[in-house]
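Inside the fold
The lines below spell out each chain.
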Amino acid sequence: MAKQNTPVEEQEVRMGRRVNRRVSVLLAEIEKEEIPDRLLELARELQKALNEKMGSPAG
């Protein structure tokens, strides 16, 4: 019998997907960015997203 996901597990999976999408968008923006100040801001956003992912049980 397949394991049923609890609401908490489902919420963690959704959070992981949101963070993954956010990281993907930020990486795409970084790749096309030429302005150093904007790159620094994007790098900080990326680090924050990665920290959130690493800190989450689903990550």
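What you see is a predicted model, and the numbers here were worked out from it, not measured in a lab.

**So, the overall build of the protein chain**
- Counting its regular elements, the protein chain contains 2 helices and 0 strands.
- Per-residue burial over the protein chain gives 14% buried out of 59 residues.
- A fraction of 42% describes how many contacts in the protein chain between residues 6 or more apart in sequence connect residues 24 or more apart.
- With the model as given, the accessible surface of the protein chain reaches about 4,900 Å², and the carbon-plus-sulfur share is 55%.

**Considerations on the environment of N51**
- Counting through the fold element by element, N51 comes out in helix α2 (residues 36-55).
- Look at N51 and you get partly exposed, because its relative accessible area is 46%.
- Distance in space between the C-alpha atoms of N51 and V19 is 9.9 Å, their sequence separation being 32 residues.

**A few points about the nonpolar core**
- Core analysis: the biggest nonpolar cluster contains 6 residues, these being V19, V23, L26, L42, L46 and A49.
- When residues of this core are traced back to their parent elements, those giving at least two are α1 (7-32) and α2.
- Not counting residues up to four positions away in its chain, the partners in contact with L26 are L42, E45, L46 and A49.

**Quick look at a positive patch on the surface**
- On the surface, R14, R17, R18 and R21 cluster together into a positively charged patch.
- Summarising the element assignment, R21 is placed in helix α1.
- The exposure class assigned to R21 is exposed, which follows from its relative accessible area of 51%.

**Things to note about the environment of L39**
- Within the element layout of this structure, L39 appears in helix α2.
- For the pair L39 and E29, spaced 10 residues apart in the sequence, the C-alpha separation amounts to 8.7 Å.
- With near-sequence residues (within four places) excluded, L39 lies in contact with I30 and E33.

Calculation notes
- Residues numbered from 1 in each chain as written.
- Predicted model: local features only at pLDDT ≥ 70, side-chain atom pairs only at ≥ 80, totals over all residues.
- Heavy atoms only, no water.
- Helix = DSSP H or I, 4+ residues; strand = E, 2+ residues; numbered from the N terminus.
- Buried < 20%, exposed > 50% of the residue type's maximum accessible area, 1.4 Å probe, protein only.
- Contact = heavy atoms within 4.5 Å.
- Areas by Shrake-Rupley, 256 points an atom, 1.4 Å probe, with all protein chains shown as cover.
- Core = buried A, V, L, I, M, F, W, Y, C linked by side-chain atoms within 4.5 Å.
- Patch = residues over 30% accessible without salt bridge, like charges linked within 9 Å, V, L, I, M, F, W, Y side chains within 5 Å.
- Salt bridge = Lys/Arg side-chain N within 4 Å of Asp/Glu carboxyl O.
- Lys, Arg positive; Asp, Glu negative; His and termini not counted.
- Charge placed at Lys NZ, Arg CZ, Asp CG, Glu CD.

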